[in-house]
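Coordinate analysis (summary)
What follows is each chain in one-letter form.
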Amino acid sequence: MGEPALDHLRIRLAGIHRALRAAVVRQARLATRLTRPDLTPYCVTDEQVEVLLGEVGAAADALTSPCLPRHREPEAEQRLRRRAEADGVRLPLDALAAAYGLTRAEQDVLLLAAAPELDRGYERIYAYIVDNLNRRLPNVELLVTVAALAATESAVANGAATGPEPGTPPQQGPAPQLDPAPQQGLGRESASAPQQDPRSRPGAGPQGVAPDPEPAARLALRRALGPAGPLRRYGLLRPHGDAPVELALELVPGPGVLDFLLGWGTDAGLIGDDPGEVAQRGPSPALPHPASDRLTRLGRALAVGHIDLAGLWGAPPDGQRDAVHALAGAAAVPLRTLTGDLEADLRTAAALGALLWVPTDDLHGEGRRPYADSVTAAVLRTRLPVCLTGLRPWRPAPLLAARAYAEAALPQPGFGERRAMWSAAIPGLDGPRVDDLAARYRMSGGELRAVASVAHAGARLAGNGLPAPVADHVEPAIATVTRGRTGSAVRSIAPRRTLDDLVLPDVQLRQIREIASAFRAWPRVAETWGFARRGAHGGVKALFTGEPGTGKTLSAEIVTGMLGLELLKVDLAQVVSKWVGETEKNMETAFRQAEESHAVLLFDEADALFGKRGDVKHGTDRYANMEVGYLLQRLEASDGLVILTSNLRDNIDPAFTRRFHFVVHFPRPGAAERRRLWRLAFPAQAPLAADVDLDTLARLDMTGAGITAAARTAALAAADGGADTIGMRHVVRGVARQFQREARLLRPSELGPHAHLLDNASDDATQG
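Residues numbered from 1 in each chain as written. Predicted model: local features only at pLDDT ≥ 70, side-chain atom pairs only at ≥ 80, totals over all residues. Heavy atoms only, no water.

**Comments concerning the side chain of Thr583**
Selection criterion: The numbering of helices and of strands both runs from the N terminus, where a helix is a DSSP run of H or I of at least 4 residues and a strand a run of E of at least 2. Think of it in three bands: residues with accessible area under 20% of the maximum for their type are buried, residues over 50% are exposed, and the middle band is partly exposed, with areas taken using a 1.4 Å probe on protein chains only. Every residue pair with non-hydrogen atoms within 4.5 Å of one another is taken to be in contact.
Along the chain, the position of Thr583 falls in helix α23 (residues 582–597). On the accessibility criterion, Thr583 (2% relative accessible area) is buried. If near-sequence neighbours (up to four positions away) are discounted, Thr583 is found in contact with Val575, Val576, Ser577, Leu609 and Glu627.

Shown next as structure tokens:
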């Protein structure tokens, strides 16, 4: 990449050198018109004032709208670009211009600023042009003068000063060559400015003087070099020191700019950054917004000036970004946000004609009052269009009184809107698959774009040269995007077991299947069929009751696996607090994490939190009742799947009962269920001896969890004893240990023909 990059710099610097010559000639012409130029450093003579007044008067008379003349690239540059494209590379200067939207004149300015780092000779040339040896670094005055000359010279040389006719072929001729330089250059040809006397250079214009640049070009460049111009806004050029006036401000390249231009690697995106710019990054699909009609109306009202302050309320941060993007698109203006310097943010937004986005979620509360007041005061001083967004409204009365204000609520996308968003994000999905995804996931536009990107990347990786079907990679992509967001309030459980691992009576098993089916069907029933208007709560809530070890937690895991979701189990030790109000805050965190992760929320041993409210007899009773009241409200407001398990149903507050769509009681397993549980307790790889009597074991009154624990103890005993198989004596030992843990008595008669094994097992248990 180094050689094409250097060739490109040689070609572009050749044009800049011609502009430097013209600037030197212009300065020399002015110097010859001043009488006694030897006195210039010390005083201003009467004659010099007259000459300077004429110069500034002519410049003022020529003021016009800022505009750069059109140009046509030299043939040598076009040939170089074609050669680079054929080699599969992009010229660094072209990449930088494309990344940051630089015009050709702005590219020339960047090269002028970088030139002194190639050759110190440029510094003295710059000092000559600005007539001050103390100002050797490029400043705004020099950059405007030379770049405007370069733009005018390029337009005149290519016949484009008044605009070329469409289809006009480019000029033919050899590639521009640089004159010899007094110091080191870029290689075969020097990048230094030539040292020939500019006043004697032929072809410099009438009487050896180049034509002055168009005043419109100078004004355009002066604006481009301001703080809101792309060169300084992205940090490609940075101020060096302070200056009393803007024209005297010295500008130097930002870190990495010269290395990038020389083709020494790095990424164009790492060279500059505008923290206030809010841009859609990457080739993301455009998704329909749920409130697109309202946003379009607001955007058009902003564009024509009917309103200048808009409020968008109710969406999470990611949804706020999508909404304000849609608003700016409808208003046909760029979008910017706050960076911490309110004054600079307002000036830049005004210079660019942008919509200023002010997120307000951090402006609530007494602790943020000073900053909120400063934002209000800053917005009051301008008529710049502003958009406020937040989960809940922030409406300072002074703003509403002084501005033309309108607002819109941003509800969560409904089932039909989610279908449209999924179809737009991944067009190859069939109708039933789109319905299923829209029912299970309430994703924001940003999350959907991330899923689409990850799914396409997975398809390319799995295709071995040819893209695999994207639909096969949607579920893994969803897991990648949504999972792993847990905090201290919840613990993530990855579902591993399926319905084949669940042993329940037919009635309960059917209810478990119904829960998964109901969660898939609820969005359609609620929104398309109108049932959401008949009830105050959404989502699906289920209560699992029964003795310990009967499969309640396992069933929650299996339901989650059937839905392809993540299971978040509430950690009671992290949630419950002795401090007033902290438990509610921790519970809110748990609910929000589940909603943001699109996960199933599990409250195991829920009676610890959802217990009955009672009479207020002590000071703490009132706060306990408040916790239960909060949970009632929050459970009702959740749109996800929430599962509660409890060993004691009677301890659950009756007010929760009507909020459960499913209440499943898990009985102790019967003989048939226990025999299947024993069979499932030993994996297929386990070396089970032929003497293991499952029929006898099935007669023992044990729960599924007890059977699993006994089988594990038996396997450990066999491995510890060096046995090759797990025999009945090991299983009896495991059962004895389990009965002991449950404080129950295992009678020999319950083991039938294997009763003799109980004596040895009891001795082992006693010794253990």
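**So, the sheet that holds strand β12 (residues 641–646)**
Definition in use: Should DSSP find at least two bridges between two strands, the strands are regarded as paired. Lines fitted to the C-alpha atoms define the axes, with helices restricted to the stretch that makes contact. Angles between their N-to-C directions range from 0 to 180 degrees.
Taking strand neighbours across the sheet as the criterion, the 6 strands line up as β8-β10-β11-β12-β9-β13 in an open arrangement whose pairing is mixed. On the outer flanks of this sheet lie β8 (490–493) and β13 (662–666), each paired with one strand and no other. Taking the axes of each pair of neighbouring strands and ignoring which way they run, one obtains an average angle of 25° across the sheet.

**Description of the sheet that holds strand β6 (residues 386–390)**
Sheet architecture is open: 5 strands sit in the order β4-β5-β6-β3-β7, paired in parallel fashion. One side of each edge strand has no neighbouring strand; the edge strands of this open sheet are β4 (335–337) and β7 (405–409). Strand-to-strand twist of the sheet, defined as the mean angle between neighbouring strand axes without regard to direction, takes the value 25°. One ladder, built from 3 bridges, connects β4 with strand β5 (residues 355–359); its direction is parallel.

**Quick word on the pattern of salt bridges**
To be explicit about the condition: Salt bridge, as used here, is a side-chain nitrogen of Lys or Arg placed within 4 Å of a carboxyl oxygen of Asp or Glu.
Tallying each qualifying case throughout the model produces 35 salt bridges. Measuring nitrogen to oxygen at the nearest pair gives 3.4 Å for the salt bridge that ties Arg403 to Asp308. A residue pair is termed long-range when its members are at least 10 positions apart, and Arg403 in the loop between α15 (397–402) and β7 and Asp308 in the loop between α11 (292–304) and β3 (309–313) qualify at 95 residues. Judged by relative accessible area, Asp308 falls into the buried class, the value being 9%. If you follow the salt bridges from partner to partner, you end up with Arg12, Glu77, Arg81, Asp94, Arg104 and Asp108 in one network.

**A look at the packing of aromatic side chains**
Quick note on the threshold: Two rings from Phe, Tyr or Trp (for Trp, the six-membered ring) form a pair when their centres are within 6.5 Å of each other. A pair whose planes differ by under 30 degrees is stacked, one over 60 is edge-to-face, and the rest are tilted. Remark: a charge is flagged as sitting over a ring if the NZ atom of Lys or the CZ atom of Arg is within 6 Å of the ring centre and within 35 degrees of the ring normal.
By the definition in use, this model includes 5 aromatic pairs. On the numbers, 4.9 Å between centres and 55° between planes, the contact of Tyr100 with Tyr234 is tilted. With Tyr100 in helix α4 (residues 92–100) and Tyr234 in the loop between α9 (230–233) and β1 (237–240), the pair connects residues that are 134 residues apart, well separated along the chain. The buried category is assigned to Tyr100, whose relative accessible area is 7%. Classification of Tyr234 as buried rests on a relative accessible area of 11%. Geometry around Phe739 places Arg744 over its ring, the cationic atom sitting 4.3 Å from the centre.

All quantities given are derived from atomic positions and should not be read as evidence of function.
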